[in-house]
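Residue strings, one per chain:
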Amino acid sequence: MTYKISLITGDGIGPELSESAVSILNAINDKFDLKFEITKLSAGDKALEETGNALPENVIDTIKNSDVCLKAPVGESAADVIVVLRRILDLYANIRPAKSYPHMPALRDDIDMVIVRENTEDLYIGKEFSLGNSAVALRVISEDASKRIAKYAFETAKQRNSMKKVTCVHKSNVLRITDGLFVKACTEVSKDYPDITFEQMYVDACAMNLIRQPEQFDVIVTTNLFGDILSDESSQVVGGLGMAPAANLGDNFALFEPVHGAAFDIAGQNIANPSSFLLSIKMMLDWLGAKHNDPTCFEVAAKLESTIFDLVKSGIKTKDIGGDSTTSEFTKQITDNL
Ligand code: NAI
């Protein structure tokens, strides 16, 4: 089948990762019975500088007319790009796996968990204002959005070949009304899943347990900001941001991007780890496979992941995970080995 991919090339290391992604997609085009039509799009800091708009209308239209969107990281304008796209495309579930790979400079090598982050509300609705000499931000948590993400988390736990456990992470001892509602919604949804273990944990305890005992987690479901923070932490437990992919999922559309940002500190040096973006492509392939009932997508997704796995196992790695391969060398090895 042929799929139309819109690709936001991003800022900082974004263009380097996008180049790597295009090489991999072209290699898949050549080697498998799967075709991609890629449209490159500019959104983020560069688009803001050039057009006065970080997310131009034509970019939104092109994304809406594609089958799926890939997004490299953008810079300081991230809130005007990704947070807006999540809302207008109703990409309510942000899925952030933390999975151990071999030979990582990681805290643990035996972890396989996923954070399911509510993606449309909380402090990310962006309603801030000044009140006298104070500043106020609105934190909105709704029952509908909480139940929707809880259901997604339980369905994820059901499908995973693991502990069958959902941990609801919150701070309802302080945020009694907002997080109180979130926990209540998750607890209600848990009753529809008697075969899945349900537990709750305060976010501060969760942050500590991700270091102390990360093996206790299977699926974490949490609100937007907590999910953002905890997923950077969980990625470090298994090897760092360079290995951390993410999916933003709605009922009809999806956008895939790395967990990390534009990493300006290493931009333009050809040393960024493209795995975060390539593993996001793996997640994209699984999503396309499920949506279009296309077994080739699943086959290529598994092949892409195992190729990355085997490569890092053989010691070919980028600098962030203890190797000396450049972004382009690492990418070339994957296209050759696919
Ligand atoms: P960051 O996630 O870009 O970088 C944090 C650290 O991880 C840096 O030391 C960086 O070099 C390293 N790192 C990240 N990705 C890497 C990779 N693929 N390979 C090797 N090392 C990698 O976080 P930071 O520095 O706080 O943010 C930089 C910019 O990114 C900011 O302007 C921020 O607004 C933006 N941002 C954008 C996001 C998005 O587009 N979704 C998400 C988070 C931040």
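Scroll up to find the structure.
So, here is what we can say about the structure in this document.

Definitions and cut-offs
- Residues numbered from 1 in each chain as written.
- Predicted model: local features only at pLDDT ≥ 70, side-chain atom pairs only at ≥ 80, totals over all residues.
- Heavy atoms only, no water.
- Helix = DSSP H or I, 4+ residues; strand = E, 2+ residues; numbered from the N terminus.
- Rg over C-alpha atoms; globule rule 2.2 N^0.38 Å.
- Buried < 20%, exposed > 50% of the residue type's maximum accessible area, 1.4 Å probe, protein only.
- Contact = heavy atoms within 4.5 Å.
- Areas by Shrake-Rupley, 256 points an atom, 1.4 Å probe, with all protein chains shown as cover.
- Lys, Arg positive; Asp, Glu negative; His and termini not counted.
- Charge placed at Lys NZ, Arg CZ, Asp CG, Glu CD.
- Core = buried A, V, L, I, M, F, W, Y, C linked by side-chain atoms within 4.5 Å.
- Domains from an automatic or database assignment.
- Axes fitted to C-alpha atoms, helices over the stretch in contact; angles between N-to-C directions.
- Parallel < 35°, antiparallel > 145°, perpendicular 65-115°, else oblique.
- Nonpolar A, V, L, I, M, F, W, Y, C, P; charged D, E, K, R; others polar.
- Salt bridge = Lys/Arg side-chain N within 4 Å of Asp/Glu carboxyl O.

1. Re the overall build of the protein chain
And then number 1: For the protein chain, the count of helices and strands is eleven helices and twelve strands.
And then number 2: Its C-alpha radius of gyration of 19 Å places the protein chain within 12% of the 20 Å reference for a compact globule of 338 residues.
And then number 3: Reported as C-alpha extents along the three principal axes, the dimensions of the protein chain are approximately 55 × 45 × 40 Å.
And then number 4: For the protein chain, with 338 residues in total, the buried portion stands at 55%.
And then number 5: Taking the intrachain contacts of the protein chain between residues at least 6 apart in sequence as the baseline, contacts between residues at least 24 apart amount to 74%.
And then number 6: Surface exposure of the protein chain reaches about 14,600 Å², of which carbon and sulfur atoms provide 50%.
And then number 7: A gap of 4 Å separates the mean positions of the 34 positive and 48 negative side-chain charges of the protein chain.

2. Observations regarding the nonpolar core
And then number 1: Membership of the largest hydrophobic core comes to 66 residues, with the highest contact counts inside it found for Phe36, Phe256, Met284 and Leu285.
And then number 2: Per element, the largest residue contribution to this core is nine residues, and it comes from helix α9 (residues 275-292).
And then number 3: Of the domains in this structure, domain 1 (1-97 + 241-338) and domain 2 (107-237) are the two that each give at least three residues to this core.
And then number 4: With residues near it in sequence (within four places) discarded, Leu285 still touches Ile28, Leu34, Phe36, Cys297, Val300, Ala301 and Leu304.
And then number 5: Counting 19 residues, the second-largest nonpolar core is a separate cluster that includes Leu55, Cys69, Val83 and Leu85.

3. Structural notes on the packing of helix α7 (residues 203-212) against helix α8 (residues 224-238)
And then number 1: Axis separation between α7 and α8 bottoms out at 9 Å; the angle between their running directions is 10 degrees. The orientation of α7 with respect to α8, classified from their angle, is roughly parallel. When α7 is examined against α8, the residues Val203, Cys206, Ala207, Leu210 and Ile211 are found in contact with a partner set consisting of Phe226, Leu230, Glu233, Ser234 and Val237.
And then number 2: The class makeup of the residues in the contact of α7 with α8 is eight nonpolar, one polar and one charged.

4. A short note on the pattern of salt bridges
And then number 1: What the rule picks out here adds up to 21 salt bridges.
And then number 2: Here Lys46 and Glu50 are joined by a salt bridge, their closest N and O atoms 3.8 Å apart. Taken together, the residues Lys46 and Glu50, both in helix α2 (residues 45-51) and four residues apart, mark about one turn of the helix.
And then number 3: Owing to a relative accessible area of 47%, Lys46 belongs among the partly exposed residues under this scheme.
And then number 4: Lys332 serves as the salt-bridge partner of Asp336, at 2.8 Å between the closest nitrogen and oxygen. Of this pair, Asp336 and Lys332 both sit in helix α11 (residues 327-337), four residues apart, which is roughly one turn of that helix.
And then number 5: On the basis of relative accessible area, Lys332 is assigned to the partly exposed category, the value being 48%.

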